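# Understanding the architecture of this molecule
So you can see what is in the structure, the chains are spelled out below.
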Amino acid sequence: MSKALSIFLDQARAYLMQQQDLFGNTIYTEGAGKKPPDTRADTIPYPDEPWVSAESLPDLYDQIHECLKCPLGQTRTRFVFGTGNLRADVMFIGEAPGADEDAQGEPFVGKAGQLLNKIIEAIGMKREEVYICNILKCRPPNNRDPETLEMETCSPYLLKQIELIRPKFIICLGRISAQWLLQTNESLTALRSRTHAFKGSTLIVTYHPAALLRNPNWKRPAWEDMKLFMGLYEQSKKEKLT
Ligand code: URA
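To start, this report covers the structure provided alongside it.

About the thresholds
Residues numbered from 1 in each chain as written. Predicted model: local features only at pLDDT ≥ 70, side-chain atom pairs only at ≥ 80, totals over all residues. Heavy atoms only, no water. Helix = DSSP H or I, 4+ residues; strand = E, 2+ residues; numbered from the N terminus. Buried < 20%, exposed > 50% of the residue type's maximum accessible area, 1.4 Å probe, protein only. Contact = heavy atoms within 4.5 Å. Areas by Shrake-Rupley, 256 points an atom, 1.4 Å probe, with all protein chains shown as cover. 1 Å grid on protein atoms, 1.4 Å probe; cavity = no way out; pocket = protein on both sides within 12 Å on 5 of 7 lines; lining within 4 Å. Points joined across faces, edges and corners; volume = space filled by probe spheres on them. Pairing = 2+ DSSP bridges. Expected span 1.5 Å × (residues − 1). Bend = angle between axes of the 7 residues up to and from the residue. Axes fitted to C-alpha atoms, helices over the stretch in contact; angles between N-to-C directions. Parallel < 35°, antiparallel > 145°, perpendicular 65-115°, else oblique. Left-handed = near helix turned anticlockwise from the far one by under 90°. Nonpolar A, V, L, I, M, F, W, Y, C, P; charged D, E, K, R; others polar. Core = buried A, V, L, I, M, F, W, Y, C linked by side-chain atoms within 4.5 Å. Polar contact = N/O pair within 3.5 Å; in protein donor to acceptor, adjacent residues only side chain to side chain. Phe/Tyr/Trp six-rings, centres within 6.5 Å; stacked < 30°, edge-to-face > 60°.

Moving on, we come to the overall build of the chain. A tally of helices and strands in the chain yields 10 helices and 6 strands. A total of 242 residues make up the chain; the buried ones form 45% of that total. Taking all contacts inside the chain whose residues are at least 6 apart in sequence as the whole, residues at least 24 apart take part in 71%. In the form shown here, the chain has an accessible surface area of approximately 13,200 Å², with 51% of it arising from carbon and sulfur atoms.

The next subject is empty space enclosed by the protein. Tallying each qualifying case throughout the model produces 1 cavity of 30 Å³ or more. Roughly 100 Å³ of internal volume is contained in the largest cavity. In terms of lining, the largest cavity is formed by 14 residues, of which the most central are C67, C70, L72, C138 and C154. Broken down by secondary-structure element, the contributors of at least two residues to the lining of the largest cavity are α3 (72-75) and α6 (148-165).

With 6 of 6 residues buried, strand β6 (residues 201-206) is to be regarded as a mostly interior element. Burial along β6 is two-sided: the face carrying S201, L203 and V205 and the face carrying T202, I204 and T206 are both buried. The sheet contact formed by strand β4 (residues 169-173) and β6 spans 5 bridges and is parallel. In the strand pairing of β6, F169 is matched with T202.

With that settled, the discussion passes to α6. Taking 1.5 Å per residue, 18 residues should reach 26 Å; α6 reaches 25 Å between its end C-alpha atoms and fits that length. In the structure, α6 departs most strongly from a straight axis at C154, where the bend amounts to approximately 40° and where the proline P156 lies between one and four residues downstream. With 13 of 18 residues buried, α6 is to be regarded as a mostly interior element. R166, located one to two residues past α6, shows a positive phi value of around 50°.

This part is about the packing of helix α2 (residues 57-64) against α6. Packed helices, taken two at a time, are described by the angle between their axes plus the distance between the axes. Close contact between α2 and α6 brings their axes to 10 Å; oriented N to C, the two are set at 165°. The angle between the axes of α2 and α6 places the two elements in the roughly antiparallel class. Both α2 and α6 take part in a crossing whose hand is right-handed. Two secondary-structure elements touch here, α2 through L57, L60 and I64 and α6 through Y157, K160, Q161, L164 and I165. Class assignment for the residues of the contact of α2 with α6 results in 6 nonpolar, 1 polar and 1 charged.

Residues in a regular strand point their side chains to alternate faces of the sheet. The element β4 is extensively covered by neighbouring structure, given that 5 of its 5 residues are classed as buried. Residues F169, I171 and L173 point to one face of β4 and I170 and C172 to the other, with burial holding for every one of them. In terms of strand pairing, strand β2 (residues 90-94) meets β4 through 4 bridges, oriented parallel. The partner of I93 across the bridge, within β4, is C172.

Glancing now at the layout of surface pockets. By volume, the largest pocket is sized at about 640 Å³. Taken together, 27 residues make up the lining of the largest pocket; nearest its centre are E95, A96, H208, A210 and R214. Elements represented by at least two residues in the lining of the largest pocket include exactly α4 (99-104), α5 (111-122), α7 (175-182) and α9 (209-214). Grouping the amino acids of the lining of the largest pocket by side-chain chemistry returns 12 nonpolar, 7 polar and 8 charged.

Time to look at the nonpolar core. Counting 62 residues, the largest nonpolar core has M91, F92, I93, I170, L181 and F229 as its most contacted members. At 7 residues, α6 tops the list of elements feeding residues into this core. Ignoring sequence-local partners within four residues, the contact set of F92 consists of L116, I120, I123, V130, Y131, I132, C133, I171 and L173.

Take the side chain of R127 next. When you line up the elements, R127 lands in the loop between α5 and β3 (131-134). Side-chain polar atoms of R127 contact the side chain of E106, separated by 3.0 Å. Within the structure, the side chain of R127 is placed 2.9 Å from the side chain of N117, a separation counted as a polar contact. Beyond its immediate stretch of four places on either side in the chain, R127 contacts T83, E106, P107, F108, V109, G113, N117, I120 and I132.

We now examine the packing of aromatic side chains. By the definition in use, this model includes 7 aromatic pairs. An angle of 15° between the planes, with centres 5.2 Å apart, marks the rings of Y207 and W218 as stacked. You can see Y207 sitting in the loop between β6 and α9 and its partner W218 sitting in the loop between α9 and α10 (219-241), a full 11 residues away along the chain. Relative to Y233, the ring of F229 lies with its centre 5.4 Å away and its plane at 15°, an arrangement referred to as stacked. Taken together, the residues F229 and Y233, both in helix α10 and 4 residues apart, mark about one turn of the helix. Neither residue differs from the other here; F229 and Y233 are each classed as buried. Each member of the aromatic cluster is reached from another via a ring pair, and the members are Y61, F79 and F81.

What follows is the structure, encoded as C-alpha cells:
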C-alpha cells in the first residue's frame, strides 16, 4: 500500500470513529439527512409543577386539561390535548386548534385535518398509528397566530408529551411550530428539505395542511418532504432489525 493511501485510510478511519461517537452507526452525509446538533435545551421548564412528573399521557392529561395559565383557557370550548398512538414513532405537530378542534377536543379534525389524514395515508400509515398535537392546546380567538407568551406558557406541555412518547420522528406542520420548536427565525423554505435533531428525535419540517389547501402548488414540495421522511423511516426500521 502506498504511503499516501495509508495516510488517507487513517484519516478516514479517524473521521468515521468521530462520527460514530457523535451519531452512532448511522452515516449522515451532506445535504438531506444531515444531522446537525440539537438546537433547544433538553430540559422541561416548570420543574416544580406536579404534572412534570406525569408518567403517562393519560396522567398528564388528567393534570393539565383544566389549565388556566393563559387567557386562552378562558375562551376555549375544549382543551385539545392530542390524539393517537401513545407509543408512536411519528408525531405531527401543528400550531393551535381551530374552531372544529375547539368544538370536538381533538386536533386536526377540520378541513386541514382531512388533508392531513390523506397525507398520513399517502405515507402508508394510519391516523391512529401516529400522534397528532399542537404547540397550543387552546384555540386562539378568530384563529389568529399563537402569541409568543402563549407558546412559552403552553409548550412545556408539548415537551412533556414528546418526552413521554419519545417519537423517532417529529414532523412540524408549518412555519410556526417549526420555528418555535427549533427556536429559530429561519424561513420555512430554509427549514425544509433537511433534518433537524430535537430531543432525540429526527425533526422534519413541511407545509401546514391549511397552507396546502390555500396554495395547491405547494403539494408537490410537501410530497418531497414526505419522501424524505419515508426514506429515513424505512432506514430506521432496517437499522432496528440489524
Ligand atoms: N391547524 C392546526 O395547526 N392545528 C389543528 O389542530 C387544526 C388546524
